[in-house]
Protein chains: 2
Amino acid sequence: MKRRKTESTNKIYSILKKSKSALSHDMIQEKMSSDVDRATIYRVLNRFCEDKIVHKVTGDDGKQYFAFCINCQEKKHKHNHFHFRCTSCGKVECLESEIKITLPNDYVFQNLNAIISGICSSCT
Amino acid sequence: MKRRKTESTNKIYSILKKSKSALSHDMIQEKMSSDVDRATIYRVLNRFCEDKIVHKVTGDDGKQYFAFCINCQEKKHKHNHFHFRCTSCGKVECLESEIKITLPNDYVFQNLNAIISGICSSCT
DNA sequence: CATTTAATGCGACTTTGTTGCAATAATAAA
DNA sequence: TTTATTATTGCAACAAAGTCGCATTAAATG
Ligand SMILES: [Mn+2]
Ligand SMILES: [Mn+2]
Ligand SMILES: [Zn+2]
Ligand SMILES: [Zn+2]
């Protein structure tokens, strides 16, 4: 179960690394020069998530967005921050602010999924 | 465009009102005695949302959950709170804590979708 | 080069949610 | 009560997002 480097994984990796915003599957597919299968892209992205290279956010549109996180690179894999999805241009960004979570007693935390939708500054 | 009361809308309304947790479409369908079409249920729920009777949260599982909110009943329609989805029993709850949101300059707020997944107290 | 097995492509499939349209029925008007 | 209006429903078809099995391809290792 050792990971192998392929043209597809390299490409997807660099697309995500370059991107300032989180990308959905279809955004990535558009940016790919060669035609890579949908299933492959999803598998690559999910592997990246397992390996904590990227993190995943589910938008209020129901889609999954993947991103290299602003904070994750340094510290361990945490993404306790809000995301912003522009309903005009579709861009999804990681916001800086860190969220503090307090759960009721006997609740076990697993994952935070926080996203604000609205209009971004470029679209105002 | 005035709303009409039907057996289905009444039933769905009372199911949601009784429920202490947010319900997805299929959770509601299970609770219905009579067989109501999927499309109808969705249309009723979306109408309730328009009328600000219930609010909708998109889970990190990609599904939509609908709930009478703890706070919404009194004040105007706001649901700036976290939700908790138990990955064991599937229950989705509105949490009490109110979230304060600060966006970067020139960003326009439209909607907050915040959900924490984990294990609830009944499932620990 | 030969071997091992992770990664891919393809197709089929599931799940979630929406939409067009004709039929039904709740409400208002007569 | 009867009639007219039109919101609501059921059905079927559809779309979008994501997953999975399986045969094939091709990295990695020696
Ligand atoms: Mn992020
Ligand atoms: Mn809520
Ligand atoms: Zn924008
Ligand atoms: Zn639970």
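Before reading on, note that the structure itself is shown above.
Residues numbered from 1 in each chain as written. Chains lettered and ligands numbered in written order. Predicted model: local features only at pLDDT ≥ 70, side-chain atom pairs only at ≥ 80, totals over all residues. Heavy atoms only, no water.

### Overview of unusual backbone geometry
The backbone of Asp106(A) shows a phi angle near 70°, a positive value even though the residue is not glycine. Among the secondary structure elements, Asp106(A) is positioned in the loop between strand S5 (92-98) and strand S6 (108-119). For Asp106(A), a relative accessible area of 53% corresponds to the exposed category. Phi is positive for Lys52(B), close to 60°, though the residue is something other than glycine. With respect to the helices and strands, Lys52(B) occurs in the loop between helix H3 (38-50) and strand S2 (55-58). (Helix = DSSP H or I, 4+ residues; strand = E, 2+ residues; numbered from the N terminus. Buried < 20%, exposed > 50% of the residue type's maximum accessible area, 1.4 Å probe, protein only.)

### A look at the protein's contact with DNA strand C
For DNA strand C, the set of nearby residues contains 24 residues, the closest of which are Arg47(A), Arg38(B), Tyr42(B), Lys63(B) and Gln64(B). Of all atoms in DNA strand C that approach within 4 Å of the protein, 62% are sugar or phosphate atoms. Asp37(A) is positioned with one of its backbone polar atoms (N or O) 3.3 Å from a phosphate oxygen of DNA strand C. Broken down by secondary-structure element, the contributors of at least two residues to the surface near DNA strand C are helix H1 (7-18) and helix H3 (38-50) of chain A together with H3 of chain B. Looking at the surface near DNA strand C residue by residue, the classes come out as 6 nonpolar, 6 polar and 12 charged. (Near = heavy atom within 4 Å. Polar contact = N/O pair within 3.5 Å; in protein donor to acceptor, adjacent residues only side chain to side chain. Nonpolar A, V, L, I, M, F, W, Y, C, P; charged D, E, K, R; others polar.)

### With respect to the sheet that holds S2(B)
All names here are of chain B. Spatially, the 3 strands line up as an open sheet ordered S1-S3-S2, and their pairing is antiparallel. Two strands lie at the open edges of the sheet, namely strand S1 (23-24) and S2, each paired on one side alone. As paired strands, S1 and strand S3 (residues 64-67) are joined by 2 bridges and run antiparallel to one another. By the bridge assignment for S3, Ser24 is matched with Tyr65. Sheet strands in contact with H3 are S2 and S3, and its direction is about 55° off that of S3. (Pairing = 2+ DSSP bridges. Contact = heavy atoms within 4.5 Å. Axes fitted to C-alpha atoms, helices over the stretch in contact; angles between N-to-C directions.)

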